[in-house]
Amino acid sequence: MRLLCHNMLQCHIKGVVNGYPLKIEAEKVETRETDYEPDFLRHIFPRIQWDALREAAAAMGVDDLPESVSEEMLEDESFLKQFHHALLEVHLEQGALVCPETGRKFVVSDGIPNLLLREDEC
Amino acid sequence: MTVIGDACPPASTTTPAPLLPPPEPAAVTAGLDEPQRAALPLGILNPAVIPYGSSAQHAQLLAGRSRYLCYFLHRHLEFRLAEVECLAGLVQQQQRQKERQQQKEQQDGQEEGREAQQEAEQQQAKEQQGEQPEGQQRAVVWEKPFENWHDSPLWYAHMHGGDSAAAAVAARSMLCRVVLELWGEADSLEELRRVLAERKEERRALWGRPDQSFKYVVETYGCSYSMQRQVELIESFDGCNGFQGPIDLRSPQLRFWIVVCKPNGQGLPHLKERYYFGREVGAGDRTPLATYDLRRRRYLGPTSMDTEMSFLMCNMAQVRRYSLVLDPFVGTGSVLVPATHLGALTLGADIDIRVIKIGKKDAAGQPVNIWTNFADYGLQPPLGLLRCDLHTAPFRDGLRGVLDAIVCDPPYGVRAGGKKSVGREREIKPHGDYVPSTAPYTVAECMHDLLDCAARLLVVGGRLAYWLPAAPDFYSEEEVPRHPALQLVANCEQLLSSRYSRRLIIMQKVQRYDAAEAEAYFEARGPPVLSIDCIHEHVYKTPAQLAADAGLSLAEHRAVQAARTPLNRGKNI
């Protein structure tokens, strides 16, 4: 699971108010090279919650992302490369996504997060 | 010269006299009035269509457009115009973007640049909301084929953007064989040659100069020409064109098409004898269909989408390079394969963990799954696969305008039923691999969730493409699900059997998502109920049971069914 997906997901258990962002418990992290496409990065950037991405990247061992960002930084090649690496190249293979409110664990196995709720949660 | 395509049934090219006497097409066409010829639904909502030969009366509507002849395959008749129109819309959008970018670059550093840029952005927003004069906003104005036959393969398209746009449309199209700049059409070859000779000098200055290699292509519809006859036909056009360049059959710079249309009694429309001559502007490319043929794909499920159809879905959803595309019912990933081929980045979700994670074993005992399918094709795998449920979707609350397209084949309970998560009061013993139970998911609920999800997650201007099950017995336009933020663009039927069909529905997000508005809208419409939810019982009833339900005898019921089934149409037509 890439951090792009993580950025879009929240805990959706009925009644949960602060289900975002999900905390990452990483057991196995892989880095896989992905095509670098600056146009896509510029397109997706405004839709990314930066703090959530930064926190998640740190949990996966990528801690070089700047604290605050702005649209102007998208012209900077070295920033784009960092953004690309954190967003698309770091994969969570085994681990869990943890709801910040309830502590419910959503298991990630073989890179696929299981976000299905139990009967008592929906 | 090309080999005669799908459009022509193999006919007796070698036998001089056919076994059956030729049909009397004149009598057939004479007996048909305009509504019967024009009975084919065109697939697009409110298309701009003008009658054959009426360009002059619609000068205002056609201003800035060029007229091209689209020669279609005789396949998926209801999808043909819709596909070309959607692609034309995409190409024109891309051209405008490029122009704007160039303007921006020129104005960079200038003071006035900002204002102009803002103006351009406002203009773009307006365009996306469709605030343009009626008819002008259509990507294509269609001119009906000769004699206004709707199921003729030859439609005239009036498009913006000139040859380059038309070529780009043709290159991506699956159902349009070629887009021609029409040089002449006539009822006889003599007349056609005379028409061409009239403008010979004027055209030769542009096309057919000594430095341009060329070739002729003979295309026949409703008949078949032997190679020798094709060569004779081509040679007869030498005089009236007088091209000076060298002939190159392999990779010519110019291709000229002679299209021969003849009436035929074998299930094709009864077109009148007609000859067309045109310069090729762009040609369709169906080679991806062979590359991604399902028969050679290792990981398949019972509802894997046919390659041609999944390309049509992606084309009509205007998937392009760097689009972010989601399939919420990803299954074996068959819809995402063409999307990735077209340069999109994809996401997939499914409720069934077995399908997306575990996969199957192929004939050689090797494990196969979605990842191996993409690896086999050398395509970039999906950006992510999620196991989740659309009914209780796990996307964060504020997530808006992130996807460019949602392309999917929802479960509608004919071959694979839908499932959703359910709330139930009972004691749960939580452990690592606890399997929560699921409940059946009706088509109406599924559509409601899908549309609401699309209205949230799509960018304004982004598209949703999905299939809706239908049966002629109870389909009505009102059945098509609606959403206040989504506008219906196309609705094309594919017939699967006499009792059952499916419709490709294309919707475009036209305004920002407003939760209160959406809720009020659905409140007013009541709980989602669709009569197609009973399709399961309907499809599996025997004809005798259906006849009894309708209070008819079996023979009467069969007659009613036969009258309802469109003539000469089938699964691929």
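Please read these numbers as outputs of a predicted model, since none were measured by experiment. (Residues numbered from 1 in each chain as written. Chains lettered and ligands numbered in written order. Predicted model: local features only at pLDDT ≥ 70, side-chain atom pairs only at ≥ 80, totals over all residues. Heavy atoms only, no water.)

Glancing now at the pattern of salt bridges. All chains considered together, the criterion is met by 35 salt bridges over all chains. Asp39 of chain A serves as the salt-bridge partner of Arg42 of chain A, at 3.4 Å between the closest nitrogen and oxygen. Of this pair, Arg42 of chain A and Asp39 of chain A both sit in helix α2 (residues 38-44), separated by 3 residues, roughly a single helical turn. For Arg42 of chain A, a relative accessible area of 33% translates into the label partly exposed. Residue Arg177 of chain B pairs with Glu219 of chain B through a salt bridge whose shortest N-O separation is 2.9 Å. You can see Arg177 of chain B sitting in strand β5 (residues 176-186) and its partner Glu219 of chain B sitting in strand β6 (residues 214-221), a full 42 residues away along the chain. A relative accessible area of 19% places Arg177 of chain B in the buried class. Residues participating in the shared-partner salt-bridge network are Lys28, Glu30, Arg32 and Glu93 of chain A. (Salt bridge = Lys/Arg side-chain N within 4 Å of Asp/Glu carboxyl O. Helix = DSSP H or I, 4+ residues; strand = E, 2+ residues; numbered from the N terminus. Buried < 20%, exposed > 50% of the residue type's maximum accessible area, 1.4 Å probe, protein only.)

Any two packed helices are characterised by the angle at which their axes cross and by the distance between the axes. All names here are of chain B. One way to put it is that helix α18 (residues 543-550) packs onto helix α19 (residues 554-564) with a least axis distance of 9 Å and a crossing angle of 95°. In terms of orientation, α18 lies roughly perpendicular with respect to α19. Seen from α18, the contacting residues are Pro543, Ala544, Leu546 and Ala547; seen from α19, they are Leu554, His557 and Arg558. Across the contact of α18 with α19, the residue classes tally to 5 nonpolar, 1 polar and 1 charged. (Axes fitted to C-alpha atoms, helices over the stretch in contact; angles between N-to-C directions. Parallel < 35°, antiparallel > 145°, perpendicular 65-115°, else oblique. Contact = heavy atoms within 4.5 Å. Nonpolar A, V, L, I, M, F, W, Y, C, P; charged D, E, K, R; others polar.)

Once that is clear, we can look at the sheet that holds strand β13 (residues 384-387) of chain B. Residue and element names in this part refer to chain B. Overall, mixed pairing links the 7 strands, which are arranged β13-β10-β9-β14-β17-β19-β18 in an open sheet. The strands lining the two open edges of the sheet, one partner per strand, are β13 and β18 (486-497). If you compare each strand with its neighbour and ignore which way they point, the axes differ by 15° on average. As paired strands, strand β14 (residues 403-408) and strand β17 (residues 458-470) are joined by 5 bridges and run parallel to one another. Note on β17: the bridge partner recorded for Ala405 is Arg463. (Pairing = 2+ DSSP bridges.)

So, about the packing of aromatic side chains. All names here are of chain B. Across all of its chains, the model carries 26 aromatic pairs over all chains by this definition. A ring pair is formed by Phe72 and Trp142, whose centres lie 6.4 Å apart and whose planes are at 40°; its orientation type is tilted. Of this pair, Phe72 sits in strand β2 (residues 66-72) while Trp142 sits in strand β3 (residues 140-143), placing them 70 residues apart in sequence. Take Phe72: its relative accessible area is 0%, and that puts it in the buried class. A centroid spacing of 6.1 Å and a plane angle of 15° characterise the contact between Phe256 and Phe277, whose relative ring orientation is stacked. Of the two residues, Phe256 sits in strand β7 (residues 254-261) while Phe277 sits in strand β8 (residues 274-283), which places them 21 residues apart along the sequence. Take Phe256: its relative accessible area is 0%, and that puts it in the buried class. Through pairs of rings, three or more aromatic residues link up here, namely Trp183, Phe214, Tyr216, Phe237, Phe243, Phe256 and Phe277. A cation over an aromatic ring shows up here: Arg229 above the ring of Tyr225, its NZ or CZ 3.9 Å from the ring centre. Above the plane of the ring of Phe146 lies Arg274, whose end atom (NZ or CZ) is 3.7 Å from the centre. (Phe/Tyr/Trp six-rings, centres within 6.5 Å; stacked < 30°, edge-to-face > 60°. Lys NZ or Arg CZ within 6 Å of the ring centre and 35° of its normal.)

Across the contact, 40 residues belong to chain B and 32 residues belong to chain A. Overall, the association of chain B and chain A removes approximately 3400 Å² of surface from exposure, summing both partners, and the carbon and sulfur fraction of that is 63%. The tally of links between chain B and chain A comes to 0 salt bridges. Counting across the interface, chain B meets chain A through 14 residue pairs in polar contact (both at pLDDT 80 or more). Of all the elements in the fold, those that place two or more residues in the side of chain B that touches chain A are β10 (345-350), α13 (353-358) and β13 of chain B. Counting residues per element, the side of chain B that touches chain A draws most heavily on β13 of chain B, which supplies 4 residues. Partitioned by chemical class, the residues of the side of chain B that touches chain A number 23 nonpolar, 7 polar and 10 charged. (Buried area = accessible area lost by both parts, 1.4 Å probe. Polar contact = N/O pair within 3.5 Å; in protein donor to acceptor, adjacent residues only side chain to side chain.)

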